[in-house]
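Coordinates in review
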Amino acid sequence: MDLYFKDNFFSAGWTDIMNVNGESIGTLDLKSAFSSSLDVYDASRTKVCSGSFRFFSNKWNVVDAEDRELGVLRMRMSFVTKKFEYDAGDRGIYEIVSPAFSNEYEISDGRGSLVARFSRISGWLQPGAYRLHNSSGVLGDYELIAVVMGIHEIRKRNNSEAASASH
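Computed from a predicted structure; not experimentally measured. Throughout, residues of each chain are indexed from 1 in the direction in which the sequence is written. Where totals are concerned, whole chains, interfaces and linings use all residues; where local detail is concerned, this predicted model gives features only for residues with pLDDT of at least 70, and gives and counts side-chain atom pairs only at 80 or more. To obtain the side-chain values, all non-hydrogen atoms of the structure were used and water was disregarded.

1. Observations concerning the overall build of the protein chain
Filter applied, for reference: A run of DSSP states H or I qualifies as a helix once it reaches four residues; a run of E qualifies as a strand once it reaches two. Both are numbered from the N-terminal end. Throughout this description, buried means an accessible area under 20% of the type-specific maximum (1.4 Å probe, protein chains only), exposed means over 50%, and partly exposed covers the range between. Residues are treated as being in contact if the distance between any of their heavy atoms lies within 4.5 Å.
In terms of helices and strands, the protein chain carries 1 helix and 12 strands. Listing each helix as α and each strand as β along the protein chain from the N terminus yields β-β-β-β-β-β-β-β-β-β-β-β-α. Residues classed as buried in the protein chain amount to 41% of the 167 residues present. For the protein chain, the proportion of contacts with a sequence separation of at least 24, taken over those separated by at least 6, is 29%.

See below:
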């Protein structure tokens, strides 16, 4: 099943997670434009997981509703592709790759099998909107939404650091 979700223009507030029929199946609380953290809620508004940067780090931490670590996302160095790694502890390490100028990402498990894919579907002046297709039996939809939004936050942080370094 494909899921759709997006960032808000100022990366703050509530936004829906929708299925292909446009029905809300959960929400994202993007908290504040000044802190890069979020909570993911299911359709009954029960908090499922959260994502945030680790203190003084570029690693994105995903935790469950009881603040137990589900996994850690980090960017990997690559010249031709956008590459990330999601370490889900004893559930495995997942590689997330996108060609250089593409908005399509593939998530593969440690054996190289495709477990999910997502794409940025928004336009130039709109905030990030995404479509996620999860075929993993291990990583849940809401956890992957926190991972996708973590990639979005890491890329935003890197872009703003590059822009401020060029001045």
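2. Considerations on the pattern of salt bridges
Where we set the bar: Salt bridge, as used here: a side-chain nitrogen of Lys or Arg that lies within 4 Å of a carboxyl oxygen of Asp or Glu.
Applying the stated criterion to the full structure yields 12 salt bridges. Put simply, Arg74 and Glu85 hold a salt bridge, and the shortest N to O gap is 3.3 Å. A residue pair is termed long-range when its members are at least 10 positions apart, and Arg74 in strand 7 (residues 69-76) and Glu85 in strand 8 (residues 81-87) qualify at 11 residues. Given a relative accessible area of 30%, Arg74 falls into the partly exposed group. Put simply, Lys31, Asp39 and Lys47 are held in one network by salt bridges that share partners.

3. Description of the side chain of Glu85
How we decide: Each polar contact in these results corresponds to two N or O atoms within 3.5 Å; when the atoms are within protein, one needs to be able to donate a hydrogen and the other to accept it, and residues that are neighboring in sequence are counted only if both atoms are side-chain atoms.
Under the relative-accessibility criterion, Glu85 is labelled buried at 17%. At 3.1 Å, the side chain of Glu85 forms a polar contact with the side chain of Arg76. In this structure, Glu85 is in contact with Val72, Leu73, Arg74, Arg76, Ile93 and Tyr94, ignoring residues within four places of it in sequence.

4. Regarding the environment of Leu28
Looking at the secondary structure, you find Leu28 in strand 3 (residues 24-29). Taking the relative accessible area as the measure of exposure, Leu28 reaches 0% and is therefore buried. The spacing of Leu28 and Phe5 is 23 residues in sequence and 8.1 Å in space, taken between C-alpha atoms. Other than its neighbours up to four places away in sequence, Leu28 contacts Phe5, Lys6, Gly13, Trp14, Thr15, Ile17, Leu38, Asp39, Val40, Ile145 and Met149.

5. Section: the side chain of Asp64
In this structure, Asp64 sits in strand 6 (residues 60-64). Dropping the residues within four chain positions of it, Asp64 is found in contact with Val48, Cys49 and Leu70.

6. Some words on the environment of Leu144
Looking at where Leu144 falls in the secondary structure, it is placed in helix 1 (residues 141-165). In the structure, Leu144 is positioned 95 residues away from Cys49 in sequence and 10.0 Å away in space, judged by C-alpha atoms. Once residues lying within four places of it in the same chain are set aside, the contact partners of Leu144 are Ile107, Ala116, Leu132, Asn134 and Leu139.

7. A look at the sheet that holds strand 1 (residues 2-6)
Inclusion rule: Two strands qualify as a pair provided DSSP detects at least 2 bridges between them. All axes are obtained by fitting lines to C-alpha atoms, using only the stretch in contact for helices, and the reported angles, taken between N-to-C directions, cover 0 to 180 degrees.
If you trace the 12 strands once around the closed barrel, you get 1-2-3-4-5-6-7-8-9-10-11-12, paired in antiparallel fashion. Shown here is a sheet whose adjacent strand axes are inclined to one another by a mean of 20°, direction ignored. Of the strand pairs in this sheet, strand 2 (residues 14-19) and strand 3 are connected by 5 bridges, and their pairing is antiparallel. Considered in strand 3, the bridge of Asp16 is made with Thr27.

8. Focus: the nonpolar core
Using the following cut-off: Among the buried residues, those of types Ala, Val, Leu, Ile, Met, Phe, Trp, Tyr and Cys that are joined through side-chain atoms within 4.5 Å form a nonpolar core.
Phe5, Leu28, Leu73, Tyr86, Ile96 and Phe118 are the most contacted members of the largest nonpolar core, which has 34 residues in total. No other element matches the 8 residues that helix 1 contributes to this core. In contact with Phe118, other than residues within four places in its own chain, are Ile96, Asn103, Glu104, Tyr105, Ile107, Tyr130, Arg131, Leu132, Val148 and Ile151.

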